[in-house]
Number of protein chains: 2
Amino acid sequence: MAESGGVPVHVAGGGPAPEGLVEAALGYEAALMADDLDALRDWFEPGDETVRADASGLLVGRDAITRFRGRRGGAASRRVSGLRVLPVAEGVAHVVVENAPAAGGRGVVSQLWRRAEGGWRIAAAHVTAPAPALDRRTWRVVGDPLLPAGGSGALDGRTVAVKDVFAVAGHPIGAGIPGYLAEAPVEARSAAAVEALRAAGASIRGIARTDQFAYSIAGRNPAYGTPPNPAVPGAISGGSTSGPAAAVALGQADLGLGTDTAGSIRVPASYQGLWGIRTTHGAVDREGVLPLAPRFDTVGWLTRDRETLEAAARASLPAASAAATGEPALVIAPALLHGLGPGVREVFEHGAAALRAAGADVRELDAPALASDALDELFAAFRTAQAAEAWRAHGEWITAHPGELADDVAARFAWASEVTPEREAAAIVALAAARTAIDAALGEALLLLPSAASVAPAFDAEGADIEAVRQATLRMTAVAGATGRPALSIPGLELDGAPLGTCVVGPRGGDLDLIARAGGWHEALAQRD
Amino acid sequence: MAESGGVPVHVAGGGPAPEGLVEAALGYEAALMADDLDALRDWFEPGDETVRADASGLLVGRDAITRFRGRRGGAASRRVSGLRVLPVAEGVAHVVVENAPAAGGRGVVSQLWRRAEGGWRIAAAHVTAPAPALDRRTWRVVGDPLLPAGGSGALDGRTVAVKDVFAVAGHPIGAGIPGYLAEAPVEARSAAAVEALRAAGASIRGIARTDQFAYSIAGRNPAYGTPPNPAVPGAISGGSTSGPAAAVALGQADLGLGTDTAGSIRVPASYQGLWGIRTTHGAVDREGVLPLAPRFDTVGWLTRDRETLEAAARASLPAASAAATGEPALVIAPALLHGLGPGVREVFEHGAAALRAAGADVRELDAPALASDALDELFAAFRTAQAAEAWRAHGEWITAHPGELADDVAARFAWASEVTPEREAAAIVALAAARTAIDAALGEALLLLPSAASVAPAFDAEGADIEAVRQATLRMTAVAGATGRPALSIPGLELDGAPLGTCVVGPRGGDLDLIARAGGWHEALAQRD
């Protein structure tokens, strides 16, 4: 075995390494350690065919690889412990670089190098770095299990990721905020919704991340990072049930237990291609759940498949559930579809057509209660009433702890602090009227809409773009929030490979009926032509 | 983009894929899903240059790859979601296979294919499968943190992997046995040794695996698997402080908190290239530690560097520590070096020579107390007394729970159950005499020996081979166990790339002095010529 700069170099076949290749491989490592973005860019072949794979997925094209490096802010310090070179043709070689990270563990990188005019360049790379004990973007605590099952039933063998707003016996509630966690008492017993799943045979895998006080639908958390979205590498997870959604999408738990006040289950379900339900307001006991806005807060679940969602719902909801007689109509309110992101309308309409083709009674509904002005008013009243309650729940703590919140959440709470009792009272009156009117307009029909106004935005999307789709999404999700209705997000649709959920809003108490009917809808939505 | 069997296929440059390549890539996937070991073997190029990398490290040579597959027992079910083909020369192509595991997440595999007489074969593969929430071989529970620091000091920012025989507030003690864990009470407060580290600024990363009741030095656990050994891919971790050792070696914690009765810190330290110390018997409070054999049980730590070990020891040990005046001799007892594995004697002697070259007073010591017969007697007495205490600690539980223990641990306890009070009393008398004689023979000198009789045995080593080196190792580690002395394992030596610890046994109370002196020894041992 030869050496280069103290690094053992093995060349298959025993000959010399192709000229300049070892120097190139070590030069690339040096650029990596220096986080020299220009140099790193130059070591990769230009164009759209260059690839780089790691635990986060596959990046395609040098520009995507370069953007990733810019976001990352440097690789962990490591020492090359060995090079294996396999020359495969004139000017083509496969190189395996073993490395010893300064922080422990071992790493290995496979690279396909090609020589061109400018010298050797990487055409393909595959990187394995040591795994952390847990992914702190997704989890706060995990166990094998964290809490065992408390009984046996339809959820035997299933694991649960619990959003960090539920009490879990033996642990404090963290609410996505380090300063809140530091002062929170250890919970003596688990929340009722946790216990319901345990009683049906599920064990608790861990406590997963949430947006701060659950007051966001993005999933970005400045203290812990944004959970990954395995369905759309490089995109945000959605929130506020961000960690449970990622845990389920990653296969690290079977069930995400979350809350949904204004979309916090439906949005991450949509962004990550999961099933998710916001249950009828009040149907699942909220004992042991940190409130955001109790008038609207609901408990729900995220899963990879309908059957697990159904089992969780049966374990947690009253058995007597409202069920429509016959086949209810699926109605689309055109005024709800304002501000959709590029391509979303087409994909949603394609889904509606697929449902129609499968025999569903899908039609448009033009009712004053679901007209544009009425929806704008409903959304405004919802936000006002939600904000007043959120401030009542957390204003005291926030005031006593300046600087603990992320800018966007802090701005939301600042706005909330200014809602007067008069404005709140007026909003509640408006919401009651809207609810009555919508109930009358829908009758037995189910409301059909996209679960979110866009597919998952990229991590590095512009703040203004994110805010625009956020507003459009919340205007849609507020309908179920304001009326206390259950809302099921069904996976199946895709926009350029990114998932988009289809939301069905049912009658209060109709949660189990919705889930039971959704198997056929999902089949129609998921078919590709 | 073309398709093959429903799988989207992208070929760089837009031309057709090389003939038969896509079929080969999908054929390999089919063999993988069928766990068809013969077919899988045939898809890889024969010989010693074929490589396969994944999160466990790099396998070199088709035989090593094939053995790995045989051990693994099948890959997780997955669907190929896309193929990217980059033809790089006649008969050479790079293929990236993206897959969607049935259990969630995304996977990606990079392969270098070459066409030979028999068709396309894989010359190099790099596999990334979805990561689990936690590696259950290494950890039972992990958190960010599991318990925060309780104070500030020399361990600020450091994380601790706690062996699952220490009380951790809010969790039961599991002792490496599912049935024991299921019945164990939740601990109200953490063990004194845990609190000492927290008070100095360390946070608790999690509870890590142990051999069953800590009664083994292998690290194999039938319920949870054997923790990985990143220093020697494919080898056992060593135990019984198996999980903390792996966690530290993997960079998932900075400190492993463990116990050492008969080598349970020194052996995994040796196998994984870590620092480790068994402290003076009684020097660290064992309150809150599940006993194995209290007459010999000690608390200690594993680290990647000497400084962290020193900080942990200072935080946990009485400040007044015995210290030799001047430079004590390092003595080698030739009769201790019986039964060493192949090559170990040479490596150890090489290390001794390096210490001598660095100015240490290394010499042989021929004393009756350390002669072969005396050592055999000491080992027999130690095993007997240890077994009697172990049975006293756990016999009742074991009797009430037949079938819960692994065969080897069960056999050890069965043997222990037959130790009569008379045999135990005789063993204790013999140990007291041996201790007096060894103290007199050593004087102020430090005993120098390999930390284990072999480097880490392979997972699939023959049981008889493992048992032989186990006996030889225990005969060496029993000296410190029987005399209550501290024993420090220093990394640096290697045998064919696998680490071997160098053990220095000091006077009782000399723990901090040993650690302080070890920096120079380590430098001498770690130098490569």
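Quick look at the structure, then.

Definitions and limits used
- Residues numbered from 1 in each chain as written.
- Chains lettered and ligands numbered in written order.
- Predicted model: local features only at pLDDT ≥ 70, side-chain atom pairs only at ≥ 80, totals over all residues.
- Heavy atoms only, no water.
- Helix = DSSP H or I, 4+ residues; strand = E, 2+ residues; numbered from the N terminus.
- Expected span 1.5 Å × (residues − 1).
- Bend = angle between axes of the 7 residues up to and from the residue.
- Buried < 20%, exposed > 50% of the residue type's maximum accessible area, 1.4 Å probe, protein only.
- Least-squares fit on C-alpha atoms with pLDDT ≥ 70 in both.
- Contact = heavy atoms within 4.5 Å.
- Pairing = 2+ DSSP bridges.
- Salt bridge = Lys/Arg side-chain N within 4 Å of Asp/Glu carboxyl O.
- Arc of directions from axis to C-beta.
- Nonpolar A, V, L, I, M, F, W, Y, C, P; charged D, E, K, R; others polar.

### Examining helix H14 (residues 511-526) of chain B
Residue and element names in this part refer to chain B.
And step 1. Here H14 is 16 residues long and its end C-alpha atoms lie 22 Å apart, about the 22 Å a rise of 1.5 Å per residue gives.
And step 2. Along its length, H14 reaches its greatest deviation from straightness, about 40°, at Ala518.
And step 3. Among the residues of H14, those classed as buried are Asp511, Leu512, Asp513, Leu514, Ile515, Arg517, Ala518, Trp521, Ala524 and Leu525.

### So, the relation of the copies chain A and chain B
And step 1. Under the fitted operation, chain A is carried onto chain B by 0.0 Å of movement along the axis and a turn of 180°, and the coordinates agree to an RMSD of 0.1 Å. Such a combination of rotation and displacement between the chain copies is what one expects of a two-fold axis. The position closest to the rotation axis in chain A is occupied by the C-alpha of Gly170 of chain A, lying 2.4 Å away.
And step 2. Comparing interface residues between copies, 98% of those in chain A also sit at the interface in chain B, which points to an isologous, same-surface contact.

### With respect to the pairing of strand S6 (residues 92-101) of chain A
All names here are of chain A.
And step 1. A large share of S6 lies buried, amounting to nine of its 10 residues.
And step 2. Relative to S6, strand S5 (residues 78-89) is paired through 10 bridges, and the arrangement is antiparallel. Directly across from Gly82, in S6, lies its bridge partner Glu98.
And step 3. Where S5 folds back on S6, the antiparallel hairpin that results is connected by two residues, among which Gly91 adopts a positive phi of roughly 75°.
And step 4. Of the pairings in the sheet, the one linking S6 to strand S7 (residues 107-116) comprises eight bridges and is antiparallel in character.

### Observations concerning the pattern of salt bridges
And step 1. As enumerated under the stated definition, the model contains 58 salt bridges over all chains in all.
And step 2. Here Asp260 of chain B and Arg266 of chain B are joined by a salt bridge, their closest N and O atoms 2.9 Å apart. Considered together, Asp260 of chain B and Arg266 of chain B belong to a single accessibility category, that of buried residues.
And step 3. We note a salt bridge from Glu307 of chain B to Arg306 of chain B, for which the minimum N-O separation is 3.9 Å.
And step 4. Here Arg306 of chain B falls in the buried class, since its relative accessible area comes to 14%.
And step 5. A single network of salt bridges, built from pairs that share partners, joins Arg136 and Arg209 of chain A together with Asp144 and Arg205 of chain B.

### Side note on helix H9 (residues 344-357) of chain B
What sets the pattern is the α-helix's 3.6 residues per turn: residues three or four places apart point alike.
Residues and elements named next belong to chain B.
And step 1. Relative to the 20 Å expected for 14 residues at 1.5 Å per residue, H9 spans 20 Å between its end C-alpha atoms, a close match to the ideal helical length.
And step 2. Among the residues of H9, Val344, Val347, Phe348, Gly351, Ala352, Ala354 and Leu355 are the ones counted as buried. Looking straight down H9, one finds that the buried residues subtend no more than 160° of arc, so they occupy a single side. Exposed residues lying more than 90 degrees from the buried face of H9 are Glu346 and Ala357.
And step 3. In the segment just after H9, Gly359 is the residue with positive phi, at about 105°.

### Some points on the interface of chain A and chain B
And step 1. Counting from both sides, the interface comprises 59 residues of chain A and, opposite them, 58 residues of chain B.
And step 2. Between chain A and chain B we count six salt bridges in total.
And step 3. For Arg209 of chain A, the salt bridge is made with Asp144 of chain B, and the minimal N-O distance between the two is 2.7 Å.
And step 4. Mapped onto the side of chain A that touches chain B, the elements with two or more residues apiece are strand S3 (51-54), strand S4 (57-60), S5, S6, S7, strand S8 (119-128) and strand S9 (139-147) of chain A.
And step 5. The greatest single-element share of the side of chain A that touches chain B, amounting to seven residues, is contributed by S9 of chain A.
And step 6. Taken together, the residues of the side of chain A that touches chain B sort by class into 34 nonpolar, 12 polar and 13 charged.
And step 7. Summarising the sheet, S9 of chain A and strand S9 (residues 139-147) of chain B pair through three bridges and their orientation is antiparallel. Bridge pairing in S9 of chain B places Val142 of chain A opposite Val142 of chain B.

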